[in-house]
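Residues per chain are reported as follows:
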Amino acid sequence: SQEDVVAVVDFVRTYNLLLSIKSTGHCYSGNCVQDDSIVLDLSKMNSISLAPTRDSITIGPGSNFDALYSLNSQTGTQSVGGMCGTVGPVGFSLGGGHGPLIRSYGLGADQILSVSLVLASGEAVSITQDADPDLFWALQGGAGGSFGVVTSITLKTYPAPP
């Protein structure tokens, strides 16, 4: 939960420890895990929730495109995403996000509406274009997840073609 993430961030800050964050585990190169660090495993934070208006979807960092595309299929929506089902929409979007729908709707980063984030201070914040335009811009592919621990992200969705 977000409260658990806050507790871990507070712990590593208090004891001056390194923190590695594991979301879906797709990072085959191991770049997400540092030696001699505490690993915060977010894979069970895998909720996906479609807004009643069907124009956005909120996704936990442990969710992957297989789960997102399954929900899209069931609800007549589509989302900008990648072609590998085990990739997480959170990391994909924060890293820029190249995929088959970018010519129609833009990059994955362009789909971000809000990011729930735990900062290094332990503060849980919701970042939007209006609430914090500089950090919102930075999260849109500028520097990946280096500004805190993402606990959820809300992305645009679109009607699926007939």
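Small disclaimer: the values here were computed from a predicted structure and weren't measured. (Residues numbered from 1 in each chain as written. Predicted model: local features only at pLDDT ≥ 70, side-chain atom pairs only at ≥ 80, totals over all residues. Heavy atoms only, no water.)

Undergrad: Describe the nonpolar core, with residues and values.
TA: Core analysis: the largest hydrophobic core is formed by 22 residues, its most contacted members being Leu117 and Ile153. Breaking this core down by element, the ones donating at least two residues are strand 4 (56-59), helix 2 (65-75), helix 3 (89-94), strand 6 (112-118), strand 7 (124-128), helix 5 (133-142) and strand 8 (149-156). When residues no more than four places from it in sequence are discounted, the contact partners of Ile153 are Ile57, Thr58, Ile59, Val90, Ser93, Leu94, Ile112, Ser114 and Val115. Residues Val6, Leu40, Leu42 and Val118 belong to the second largest nonpolar core, which totals 8 residues. (Core = buried A, V, L, I, M, F, W, Y, C linked by side-chain atoms within 4.5 Å. Buried < 20%, exposed > 50% of the residue type's maximum accessible area, 1.4 Å probe, protein only. Helix = DSSP H or I, 4+ residues; strand = E, 2+ residues; numbered from the N terminus. Contact = heavy atoms within 4.5 Å.)

Undergrad: Any details on the sheet that holds strand 6? Residues and values, ideally.
TA: If you walk across this open sheet you meet the 5 strands as 3-4-8-6-7, and the pairing is antiparallel. Of all strands in the sheet, those with a lone pairing partner are strand 3 (48-50) and strand 7, marking the two edges. For this sheet, the mean angle separating the axes of adjacent strands, direction not counted, is 15 degrees. Two elements, strand 4 and strand 8, share 4 bridges in a ladder whose sense is antiparallel. Note that in strand 8 the partner of Thr58 across the bridge is Thr154. Seen against the sheet, helix 1 (residues 2-14) touches strand 6, strand 7 and strand 8 and runs at an angle of roughly 50 degrees to strand 6. Packed on one face of the sheet, helix 2 meets strand 3 and strand 4 and runs near 25 degrees to strand 3. (Pairing = 2+ DSSP bridges. Axes fitted to C-alpha atoms, helices over the stretch in contact; angles between N-to-C directions.)

Undergrad: Lay out unusual backbone geometry in plain terms, naming residues and giving numbers.
TA: Positioned with a positive phi, Asp36 is a non-glycine residue whose angle comes to about 55 degrees. Its location among the elements puts Asp36 in the loop between strand 1 (18-22) and strand 2 (37-41). Positive phi, normally seen in glycine, also occurs at Arg54, with a value near 65 degrees. Considering the arrangement of structural elements, one finds Arg54 in the loop between strand 3 and strand 4.

Undergrad: Explain the side chain of Ser114 residue by residue, including any values.
TA: You can see Ser114 is positioned in strand 6. On the basis of relative accessibility, which here comes to 16%, the residue Ser114 falls in the buried class. Contact partners of Ser114, with chain neighbours within four places excluded, come to Ser126, Ile127, Thr128, Phe136, Ile153 and Thr154.

Undergrad: Mind laying out the packing of aromatic side chains, listing which residues take part and the relevant values?
TA: Any two aromatic rings considered together are summarised by their centre-to-centre distance and by the angle between their planes. Under the criterion given, the structure shown has 4 aromatic pairs. Pairing Phe65 with Phe92 gives two aromatic rings, centres 5.1 Å apart and planes at 90 degrees, and the pair type is edge-to-face. Of this pair, Phe65 sits in helix 2 while Phe92 sits in helix 3, placing them 27 residues apart in sequence. With respect to burial, Phe65 and Phe92 carry one shared label: buried. Their ring planes at 20 degrees and their centres at 3.8 Å tell us that Tyr105 and Tyr158 sit as a pair that is stacked. One end of the pair, Tyr105, is in helix 4 (residues 102-105); the other, Tyr158, is in strand 9 (residues 158-159), with 53 residues separating them in the sequence. Note on Tyr105: relative accessible area 28%, which makes it partly exposed. Ring-pair connections join several aromatic residues into one group, and the members of that group are Phe65, Tyr69 and Phe92. (Phe/Tyr/Trp six-rings, centres within 6.5 Å; stacked < 30°, edge-to-face > 60°.)

Everything listed here is a matter of geometry and, on its own, says nothing about what the molecule does.
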